[in-house]
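Remarks on the overall topology
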Amino acid sequence: MNKTKQILECVPNFSEGQNQEAINAITNAIEGVEGVKLLNTESGKDANRTVVTFAGNPSAVVEAAFQGIKMAAQVIDMAKHHGEHPRLGATDVCPLVPVSGISMEETIGLARKLAQRVGEELAIPVYCYENAAFREERRSLANCRSGEYEKLKEKITSENGKPDFGPGQWSESVARTGVTVIGARNFLVAYNINLDTTSASVANEIASDVRESGRVARDSKTGKIIFDKSGEPVRIPGTLKNIRAIGWFIEEYGKSQVSMNLTDITFTPVHVAFEEVCKKARERDVQVTGSELIGLIPLKAMLDAGKYFLKKQQHSGKVSEEEIIQMAVKSLGLDELRPFNPREKIIEYVLGSEYGS
């Protein structure tokens, strides 16, 4: 496999989850760009929102993102939009995600160029967020979305709410499109770890042990929350950085899970998260039985996991890529709940022969 092939992913969220004709128009505009592959489209009617995932060579992905944003501005009228999910615009958020062969610095540059083009050519106000943010407070998507669409008229004309690109005044056009938030972030892996218990509370305790935000500190005698001098609850941080986690019971599986979002697998890889949950579970007399990957994962993450477990088992000798991946699958228990097909779960393989599969 050509390990240096550049792959960029884009996961735009569009404020339309009910009108299939409009959704099709957007995805057709994206798929019409040569060099990208549509990986997934997921719509929610109550949220009135569609999440589209596509990937390919960086220049093609950026062009496809622009075409998707352009079409969304034509088929979605934010002045008439209602939905459960927080939103600012027709294309609400559009993150670029480096998968392989491209650095975060390059991705930031591409995100800012896309944002500038959207602002100038489409006259859509744009905030840059996450790693592409120009202002620290705009790294947070929640901060960018504060007030949502309903407060935009006042927001974009204020000093703090002035867009990074595009018009900074309200108009009929802006009322229709709203604001788009464009940025660069690391690949997010949705990953659940299975426990041999039906107790959601135990799973939640383990989640609190490992997630970066940890848990609220309580008095050991009274159980009451401890507050700092400013009146904020004191928190005991968890053991893993860039990890969000909760615990729940899944009736379908008959067991509880620690459900995790790994927001930066370059900092906390999947196998590190798995091993830490195993450790914290043992401390509570619970065993990890396997795990479940939701969505796709980069090849490197699977190879890193396989190599880690091979080294842990003191394996020596030459091992093929396929064998390394199988070691990762077995050691992480990714096939416990259902068969795990690397050709359907590893992003480079899903993209096809152009990327070496």
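What comes next concerns the included structure. Because the structure is a prediction, the values reported are computed rather than measured. (Residues numbered from 1 in each chain as written. Predicted model: local features only at pLDDT ≥ 70, side-chain atom pairs only at ≥ 80, totals over all residues. Heavy atoms only, no water.)

Counting secondary structure elements, the protein contains 12 helices and 13 strands. A globule of 357 residues ought to have a C-alpha radius of gyration of about 21 Å, and the protein, at 22 Å, matches this closely. Along the first, second and third principal axes, the C-alpha atoms of the protein reach 60 × 60 × 35 Å. As displayed, the protein offers around 17,200 Å² of accessible surface, 47% of which is attributable to carbon and sulfur atoms. For the protein, the distance from the average site of its 44 positive side-chain charges to the average site of its 48 negative ones is 4 Å. (Helix = DSSP H or I, 4+ residues; strand = E, 2+ residues; numbered from the N terminus. Rg over C-alpha atoms; globule rule 2.2 N^0.38 Å. Areas by Shrake-Rupley, 256 points an atom, 1.4 Å probe, with all protein chains shown as cover. Lys, Arg positive; Asp, Glu negative; His and termini not counted. Charge placed at Lys NZ, Arg CZ, Asp CG, Glu CD.)

If you look at the biggest cluster of nonpolar residues, it comprises 52 residues, and the most contacted ones within it are Val189, Tyr191, Met260, Leu262 and Met302. Per-element tally for this core: the top contributor is helix H9 (residues 299–312), with seven residues. Within the second largest apolar cluster, 50 residues are counted, among which are Ile30, Ala60, Ala64 and Ile182. (Core = buried A, V, L, I, M, F, W, Y, C linked by side-chain atoms within 4.5 Å. Buried < 20%, exposed > 50% of the residue type's maximum accessible area, 1.4 Å probe, protein only.)

We now examine the environment of Glu105. With respect to the helices and strands, Glu105 occurs in helix H3 (residues 104–121). Given a relative accessible area of 59%, Glu105 falls into the exposed group. Between the C-alpha atom of Glu105 and that of Asn131, which follows or precedes it by 26 residues, the distance is 8.7 Å.

Following both chains from N to C, one finds H9 and helix H10 (residues 321–332) inclined at 75°, their axes separated by 7 Å at the closest point. When the interaxial angle is binned, H9 and H10 end up roughly perpendicular. Here H9 contributes Leu299, Met302, Leu303, Ala305, Gly306, Lys307, Phe309 and Leu310 to the contact with H10, which in turn contributes Glu321, Ile324, Ile325, Met327, Ala328, Val329, Ser331 and Leu332. Split by residue class, the contact of H9 with H10 holds 12 nonpolar, two polar and two charged. (Axes fitted to C-alpha atoms, helices over the stretch in contact; angles between N-to-C directions. Parallel < 35°, antiparallel > 145°, perpendicular 65-115°, else oblique. Contact = heavy atoms within 4.5 Å. Nonpolar A, V, L, I, M, F, W, Y, C, P; charged D, E, K, R; others polar.)

This brings us to unusual backbone geometry. The backbone of Ala123 shows a phi angle near 55°, a positive value even though the residue is not glycine. Counting through the fold element by element, Ala123 comes out in the loop between H3 and strand E6 (126–130). What makes Ala123 partly exposed here is its relative accessible area of 33%. Backbone geometry places Glu148, a non-glycine residue, at a positive phi of 55°. The residue Glu148 is located in the loop between helix H4 (141–145) and helix H5 (152–155) in this model.

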